[in-house]
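# Close look at the chain arrangement
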Amino acid sequence: MTSADLSVHTRNLLASTEPENEPREECGVFGVWAPGEDVSKLTYYGLYALQHRGQEAAGIAVADGSQVLVFKDLGLVSQVFDEQTLAAMTGHIAIGHCRYSTTGSTTWENAQPIFRTTASGSGVALGHNGNLVNTAELAERGRRLGVLDPTRPGAANSDSDTVGALLAHGAKNSTIEEAAMELLPQLRGAFCLTFMDEHTLYAARDPWGIRPLCLGRLDRGWVVASETAALDIVGASFVRDIEPGELLAIDANGVRSSRFANPEPKGCVFEYVYLARPDSTIAGRSVHATRVEIGRRLAKEHPIDADLVIPVPESGTPAAVGYAQGSGLPYGQGLMKNAYVGRTFIQPSQTIRQLGIRLKLNPLREVIRGKRLVVVDDSIVRGNTQRALIRMLREAGALEIHVRIASPPVKWPCFYGIDFASPAELIANGAGTRDSVEEGHDYDEMVEMVRRSIGSDSLGYISIDGMIGATEQPASRLCAACFDGHYPIALPTEHRAGKDAFGVVDTDSVTPTVLDNDNADVLSRP
């Protein structure tokens, strides 16, 4: 098999064994302006630190003052890049992206950074973390302007490509910076952007600040990244968070800041619960400290007489530590995680598929046999993982299994960059159970229904107030739409919102109906 054949083969088999019930992350973005530094390798390591945010594709763009070079492919960062490739990518500016698709299918064309050429012949490369909710409207504008052709073979079909096309077109009679200041206020939804031309690195964050984005300082340059952990990896010092509604431009003259919209902060609370690395800091609050505090509060809200607290590694570990601290129960490692299980290019047989969670986790029988366990996990989406895990723990000799969840019940989809299941597929709405949950259904009845479905002896979720309190952020500055159904950014009609926007757009014309903010929170109720 040739290298080209292998590339096609891996693209076709990319996502076959990812657990279907886990929330999928969105993307990670990274950018560096550093003359004299090996910017491609800095970006590689930055993306390595952000790999948890997206495992479908990775890419890096570099500029040396005269041209922009982009290399991208499907796969993990370590699979896409090697020493030879990085050595050929020289310059003083770079941006990088690791992708999990929230709009657009998993194809090479949708991998990022995307690249466009302006009317003046300069190049523009762009990476996007988040999800726009007015993609259909923007795509129609791009088609009218002649910069988007969804019927062209190999055409990208993502909101990110649409933004790149409109940005490059806007620079026809102005600079990239001026074009960005005109385009960015027209984008609705979650977006953290890193983009660049031959001379300047740019970074922008939506007015609601849904996703995190920060600025760091190198000895000889500057770094922007989705999370502070990526700054640490490349040896950059944290300077500050990029503000909601802010555009940064970084070049030989330093850092310029412009405001394209008034800030209306609504940071995603699920970043604290699950998405971000525990060694990152968001809005001045340690993610690890937040998760430990959630565990402490969870212990107060849902105490139980048990012998041992164990986490579902790795995301449940800090909350389990906090639960043990708050309850006074001993903490232990009852499950071992296979650190080498991730995305695989090998299609599993049905027999192997049925092993499910055993590919990732295995019980320590001598630790859990004869014990009453408190099992702490970060969230329940469909319940498949918890159901299989509880069965496995009982087979290993656990006497009782009390599940404690470090987030409230997930009942609503996310339109801002997390690929949650649809409401009909969520276990908190009755999916996968013998019961159904209707609007106004009693909360205790819902919890009991989920408990029976996963097979635990008891079940307790952290309250929304408890979760938000652990972040030390005002509730007014956080988005908790996946838990409470209140969407801070008005959404289009249901069939045009979210991941599948491009698949339903009428290529002749479309005028999305946009709900006002008073009604946006009821759009997707089951």
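Residues numbered from 1 in each chain as written. Predicted model: local features only at pLDDT ≥ 70, side-chain atom pairs only at ≥ 80, totals over all residues. Heavy atoms only, no water.

An unreviewed UniProt entry annotates the chain as Amidophosphoribosyltransferase originating from Rhodococcus gordoniae. Here is the UniProt Function (unreviewed entry) comment for the chain, exactly as written: "Catalyzes the formation of phosphoribosylamine from phosphoribosylpyrophosphate (PRPP) and glutamine." For the record of the chain, the UniProt heading Sequence similarities (unreviewed entry) holds the text "In the C-terminal section; belongs to the purine/pyrimidine phosphoribosyltransferase family." (UniProt positions renumbered as here; feature names shortened; annotations may be inferred.)

### Focus on the overall build of the chain
Helices and strands together make up the secondary structure of the chain, namely 18 helices and 23 strands. Looking at the chain as a whole, 58% of its 526 residues qualify as buried. Of all intrachain contacts in the chain linking residues separated by at least 6 positions in sequence, the fraction that spans at least 24 positions is 71%. About 20700 Å² of surface is accessible on the chain, with carbon and sulfur atoms providing 49% of the total. (Helix = DSSP H or I, 4+ residues; strand = E, 2+ residues; numbered from the N terminus. Buried < 20%, exposed > 50% of the residue type's maximum accessible area, 1.4 Å probe, protein only. Contact = heavy atoms within 4.5 Å. Areas by Shrake-Rupley, 256 points an atom, 1.4 Å probe, with all protein chains shown as cover.)

### Considerations on the pattern of salt bridges
For the structure on display, the rule yields 21 salt bridges. Arginine 296 serves as the salt-bridge partner of glutamate 293, at 2.9 Å between the closest nitrogen and oxygen. With a gap of three residues between them, glutamate 293 and arginine 296 both fall in helix H10 (residues 287–301), about one helical turn apart. Exposure remark for arginine 296: the relative accessible area of 32% places this residue in the partly exposed category. Linked by salt bridges that have partners in common, Arg53, Arg211, Glu227 and Glu271 make up one network. (Salt bridge = Lys/Arg side-chain N within 4 Å of Asp/Glu carboxyl O.)

### So, the packing of helix H6 (residues 159–170) against helix H7 (residues 176–183)
How two helices sit against one another is set out by the angle between their axes and by the gap between those axes. The contact between H6 and H7 brings their axes to 8 Å, and the two run at 125 degrees. As the angle between them shows, H6 and H7 are arranged oblique. As H6 runs across H7, the sense of the crossing is right-handed. Two secondary-structure elements touch here, H6 through Val163, Leu166, Leu167 and Gly170 and H7 through Ile176, Ala179, Ala180 and Leu183. Partitioning the contact of H6 with H7 into residue classes produces seven nonpolar, one polar and no charged. (Axes fitted to C-alpha atoms, helices over the stretch in contact; angles between N-to-C directions. Parallel < 35°, antiparallel > 145°, perpendicular 65-115°, else oblique. Left-handed = near helix turned anticlockwise from the far one by under 90°. Nonpolar A, V, L, I, M, F, W, Y, C, P; charged D, E, K, R; others polar.)

### Some points on the UniProt feature "binding site: [4Fe-4S] cluster" (unreviewed entry) in the chain
Feature annotation in UniProt assigns "binding site: [4Fe-4S] cluster" (unreviewed entry) to the following positions: Cys268, Cys414, Cys479 and Cys482. Taken together, the annotated residues stretch across 215 residues yet fold into one region, lying no more than 10.2 Å apart by C-alpha. By the secondary structure assignment, cysteine 268 is in strand E14 (residues 267–268). With residues near it in sequence (within four places) discarded, cysteine 268 still touches Ile210, Arg211, Ile418 and Cys479.

### Remarks on helix H15 (residues 443–454)
In this model, H15 (12 residues) spans 17 Å end to end at C-alpha, consistent with the 16 Å of a helix rising 1.5 Å per residue. If you check which residues of H15 are buried, you get Met446, Val447, Met449, Val450, Ser453 and Ile454. Summarising the axial view, the buried residues of H15 lie within an arc of 160 degrees, below the 170-degree limit, and thus occupy one face. Where the residues of H15 are buried, they touch helix H14 (384–395), strand E21 (400–405) and strand E22 (458–461). Capping the start of H15, aspartate 442 holds a side-chain oxygen 3.0 Å from the backbone nitrogen of aspartate 444, two or three residues further along. Of the residues trailing H15, glycine 455 is marked for its positive phi of about 85 degrees. (Expected span 1.5 Å × (residues − 1). Arc of directions from axis to C-beta. Polar contact = N/O pair within 3.5 Å; in protein donor to acceptor, adjacent residues only side chain to side chain.)

### Points about the UniProt feature "binding site: Mg(2+)" (unreviewed entry) in the chain
Taken from the UniProt record, the annotation "binding site: Mg(2+)" (unreviewed entry) applies to Ser315, Asp377 and Asp378. Spanning 64 residues, the named residues form one tight spatial group whose C-alpha atoms are at most 7.1 Å apart. Along the polypeptide, serine 315 turns up in the loop between strand E17 (308–311) and helix H11 (317–327). For serine 315, a relative accessible area of 23% corresponds to the partly exposed category. Leaving out residues up to four positions away in the same chain, serine 315 has contacts with Tyr274, Asp377 and Asp378.

### Quick notes on the sheet that holds strand E2 (residues 57–63)
In spatial order, the strands read E3-E2-E4-E1-E10-E9-E11; together these seven strands make up an open sheet with antiparallel pairing. Strands with a single pairing partner mark the edges of an open sheet, and in this sheet they are strand E3 (68–74) and strand E11 (237–241). Here the strands of the sheet are splayed against their neighbours by 15 degrees on average, with no regard to which way each runs. In this structure, E2 lies alongside E3, joined through seven bridges in antiparallel fashion. Considered in E3, the bridge of alanine 63 is made with valine 68. (Pairing = 2+ DSSP bridges.)

### Notes on the packing of aromatic side chains
Applying the stated rule across the entire model yields 10 aromatic pairs. Arranged with centres 5.7 Å apart and planes meeting at 65 degrees, the rings of tyrosine 44 and tyrosine 48 form a pair that is edge-to-face. Placement of the pair is tyrosine 44 and tyrosine 48 together in helix H2 (residues 39–49), with a separation of four residues, close to one helical turn. Note on tyrosine 48: relative accessible area 46%, which makes it partly exposed. Here phenylalanine 71 and phenylalanine 81 contribute two aromatic rings whose centre-to-centre distance is 5.7 Å and whose plane-to-plane angle is 55 degrees, an arrangement assigned as tilted. Highlighted residues: phenylalanine 71 in strand E3 and phenylalanine 81 in the loop between helix H3 (77–80) and helix H4 (83–87), separated in sequence by 10 residues. Note that arginine 217 overlies the ring of tryptophan 222, its terminal NZ or CZ placed 4.1 Å from the centroid. (Phe/Tyr/Trp six-rings, centres within 6.5 Å; stacked < 30°, edge-to-face > 60°. Lys NZ or Arg CZ within 6 Å of the ring centre and 35° of its normal.)

### Some remarks on the sheet that holds E22
The parallel open sheet is built from four strands, whose spatial order is E17-E20-E21-E22. Two strands bound the open sheet, and with one partner strand each, they are E17 and E22. Pairwise comparison of adjacent strand axes, ignoring direction, gives a mean angle of 20 degrees for this sheet. Two strands pair when backbone bridges link them, and E17 and strand E20 (residues 372–377) are joined in this way by four bridges, in the parallel orientation. What sits directly across from proline 311, in E20, is valine 376. Together, E21 and E22 form the strand contacts of H15, whose direction differs from that of E22 by roughly 130 degrees.

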